[in-house]
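# Coordinate inspection notes
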Amino acid sequence: MITCTYISGPCCVGKSTVASAVSDSFSSISFIRGDDYWRTYTGLQFEERALKTNQQILATLQDSHASDLLCEWVPSRGPFVAQLFELCVSARRQFLHVGLTAPIAVLQLRMRERDGVEDPVVRAVSAPEQQTRYDCMVFDTEKETTASIADEVSKWILSNKELKAMRDPAP
């Protein structure tokens, strides 16, 4: 089964850290980093920058021929997540949405440590809805370690690979 794992959540919640840990477990996984596209559009206003970033991520996912994809970006709900899911359905990919959360005070502390900003502004991002048409896991990164989150995500990817191997045995 080909897969797409989408890791979402607010700034400084640990998306890149978790995605890197999962990526380290799979040599063939293709890793799409939202921040790589975000940095490309630095001259644009926030809304247009977010729209362009979303479009680039979706186009990269659509053009990918990798068996397994790992994508990390901010939106946890809304049109972007719905479009991401629909692209996966059309490509016959199993889709997992991993939503990362943490209290605002924790996110502010992490941002202060990372960026050196005295009073960082952290935008709240809703956790993904768990009653969806696809698999969804939500983790609080203040309470759960990167290793334990990455382990759960890796287990999901492996279980889908095993299902594919059982359905499509090699000749």
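Going by the structure above, here's the rest.
Before going into details, it helps to say that this report is about the structure given with it. (Residues numbered from 1 in each chain as written. Predicted model: local features only at pLDDT ≥ 70, side-chain atom pairs only at ≥ 80, totals over all residues. Heavy atoms only, no water.)

With that out of the way, let us pick up the pattern of salt bridges. Under the criterion given, the structure shown has five salt bridges. Note that Asp36 and Arg39 form a salt bridge whose closest N and O atoms lie 3.5 Å from each other. Of the two residues, Asp36 and Arg39 both sit in helix α2 (residues 34-40), three residues apart, roughly one turn of that helix. Residue Lys155 pairs with Glu152 through a salt bridge whose shortest N-O separation is 3.7 Å. Taken together, the residues span about one helical turn, with Lys155 and Glu152 both in helix α6 (residues 146-167) at a distance of three residues. On the basis of relative accessibility, which here comes to 34%, the residue Glu152 falls in the partly exposed class. Via salt bridges that share partners, Asp151, Glu152 and Lys155 belong to a single interconnected network. (Salt bridge = Lys/Arg side-chain N within 4 Å of Asp/Glu carboxyl O. Helix = DSSP H or I, 4+ residues; strand = E, 2+ residues; numbered from the N terminus. Buried < 20%, exposed > 50% of the residue type's maximum accessible area, 1.4 Å probe, protein only.)

This part covers the packing of aromatic side chains. Each aromatic ring pair is specified by the distance between its two centres and by the angle formed by the two planes. For the structure on display, the rule yields six aromatic pairs. Through successive ring pairs, a cluster of aromatic residues spans Trp38, Phe46 and Trp73. Above the plane of the ring of Phe31 lies Arg33, whose end atom (NZ or CZ) is 3.9 Å from the centre. (Phe/Tyr/Trp six-rings, centres within 6.5 Å; stacked < 30°, edge-to-face > 60°. Lys NZ or Arg CZ within 6 Å of the ring centre and 35° of its normal.)

Take the sheet that holds strand β4 (residues 93-101) next. Taken in spatial order, the five strands make up an open sheet running β2-β3-β1-β4-β5, and their pairing is parallel. Whereas interior strands pair on both sides, the edge strands pair on one side only; in this sheet they are β2 (30-33) and β5 (135-140). Ignoring strand direction, the axes of neighbouring strands in this sheet form an average angle of 15°. Direction of pairing for strand β1 (residues 2-8) relative to β4: parallel, over a ladder of seven bridges. Of the residues in β4, the one forming a bridge with Ile7 is Val98. Against the sheet, helix α3 (residues 46-63) makes contact with β1, β2 and β3 (68-73), and its axis sits at roughly 175° relative to β3, the strand it touches most. (Pairing = 2+ DSSP bridges. Axes fitted to C-alpha atoms, helices over the stretch in contact; angles between N-to-C directions. Contact = heavy atoms within 4.5 Å.)

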